[in-house]
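Geometric and topological summary
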Amino acid sequence: MLRQAPKGRDGTADWPRGKVKHRLYGPSGRIYSFGFLPNGTRAVSASYDKTLRVWDTDTGETQAYLIGHKRKLFALAVRRDGTIVSSDNGGGLLEWPAHAVANATGGIRITASRVLAEKSKRSAGSMVFDSSGQRLLTTGGEGYGAYESRIWNMPSGKVILR
């Protein structure tokens, strides 16, 4: 069982015994999204403090800070190769390449490599890559009226379907 941690904190669980293994401390804001990196020993969180953090799930230590967003974060998606895309509540959509995140240690700061969307009337509240990793589905609209879904072509970074 994963127990609720204090406000702004979360934990990884030791599932077979149902006990909290680590509490992930650090973000100054609420954590709104988590994802595992492909090797399974690291996770990434998206927080209201405008950062993503890469965590070592064995030790609970922060391995890297992914920076570049100007607003609170809502969602993230991790591609099979470890590329990370995240969204903020102003419609910003940023990407971090797998090679920059894969071996990061010691709390290194990594700046986004590509801006897919800088600002939009609709923020992505949920995102997922297709099985090939070539397309990203985003859906959102929280607080902005009608919900909207988009499919992005990741090699080009362009919206291919609205």
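This structure is a prediction, so every number in the text was calculated from the model and none was measured. (Residues numbered from 1 in each chain as written. Predicted model: local features only at pLDDT ≥ 70, side-chain atom pairs only at ≥ 80, totals over all residues. Heavy atoms only, no water.)

Overview of the overall build of the protein chain
Convention followed: Secondary structure elements are taken from DSSP: a helix is a run of H or I of four residues or more, a strand is a run of E of two residues or more, and numbering for both begins at the N terminus. Only protein chains enter the accessibility calculation, which uses a 1.4 Å probe; a residue is then buried when its area is under 20% of its type maximum, exposed when over 50%, and partly exposed in between. By definition in these notes, contact holds between two residues if any of their heavy atoms fall within 4.5 Å. Surface accessibility follows the Shrake-Rupley procedure with a 1.4 Å probe radius. Residue values consider only the protein chains on display as shielding.
Helix and strand counts for the protein chain come out as 1 helix and 15 strands. Out of the 162 residues in the protein chain, the part that is buried amounts to 48%. Expressed as a percentage of contacts within the protein chain between residues at least 6 apart in sequence, the contacts between residues at least 24 apart total 38%. For the protein chain, the computed accessible surface area is about 8,600 Å², with 49% contributed by carbon and sulfur atoms.

Digging into unusual backbone geometry
One non-glycine residue, K50, lies in positive phi territory at about 75 degrees. For K50, the location among the structural elements is in the loop between β4 (42-47) and β5 (52-56). On the basis of relative accessible area, K50 is assigned to the partly exposed category, the value being 37%.

Re the packing of aromatic side chains
The criterion, for reference: Two rings from Phe, Tyr or Trp (for Trp, the six-membered ring) form a pair when their centres are within 6.5 Å of each other. A pair whose planes differ by under 30 degrees is stacked, one over 60 is edge-to-face, and the rest are tilted. Each ring is checked for a lysine NZ or an arginine CZ that lies within 6 Å of its centre and within 35 degrees of its normal; such an atom marks a charge sitting over the ring.
As enumerated under the stated definition, the model contains 3 aromatic pairs in all. Through a chain of ring-to-ring contacts, the aromatic side chains of Y32, Y48 and F74 assemble into a single cluster. For the cation-ring pair, R109 lies above Y65, with the distance from its terminal atom to the ring centre recorded as 4.9 Å.

A closer look at the pattern of salt bridges
Definition in use: When a carboxyl oxygen of Asp or Glu is within 4 Å of a side-chain nitrogen of Lys or Arg, the pair counts as a salt bridge.
Applying the stated criterion across every chain, the model contains 5 salt bridges. Where E95 meets R114, a salt bridge forms, and the shortest distance between an N and an O atom there is 2.8 Å. With E95 in strand β9 (residues 93-96) and R114 in strand β11 (residues 114-117), the pair connects residues that are 19 residues apart, well separated along the chain. Residue E95 is classed as buried on the basis of its relative accessible area of 8%. For R114, a relative accessible area of 22% puts it in the partly exposed group.

Regarding the confidence of the model for the protein chain
Any residue range with low pLDDT should be treated as having predicted coordinates unsuitable for detailed reading. Under the convention used in this document: Confidence of the predictor at the level of single residues is captured by pLDDT, which takes values from 0 to 100.
Looking at the protein chain, the pLDDT average stands at 82 and 80% of residues meet or exceed 70. Here residues 1-10 scores under 50 on pLDDT; set against residues more than four positions off or in separate chains, the count is 28 contacts.

Some thoughts on the sheet that holds strand β13 (residues 135-140)
Quick note on the threshold: Two strands are said to pair when DSSP picks up at least two bridges between them. Note on geometry: axes are lines fitted to C-alpha atoms, helical ones only across the stretch in contact, with angles between N-to-C directions running from 0 to 180 degrees.
Spatial strand order, β12-β13-β14-β15: 4 strands in an open sheet with antiparallel pairing. Edge strands, defined here as strands with exactly one partner in the open sheet, are β12 (124-129) and β15 (158-161). In this sheet, neighbouring strand axes are inclined to one another by 35 degrees on average, regardless of whether the strands run parallel or antiparallel. Pairing analysis gives 6 bridges linking β13 to strand β14 (residues 148-153), with the strands arranged antiparallel. Bridging across to β14, T138 finds its partner in R150.

Structural notes on the pairing of β12
Pairing geometry for β12 and β13, over 5 bridges, is antiparallel. Bridging across to β13, M127 finds its partner in T138. With antiparallel pairing between neighbouring strands as the criterion, β12 and β13 make up a hairpin whose turn holds 5 residues, including G133 at a positive phi of roughly 80 degrees.

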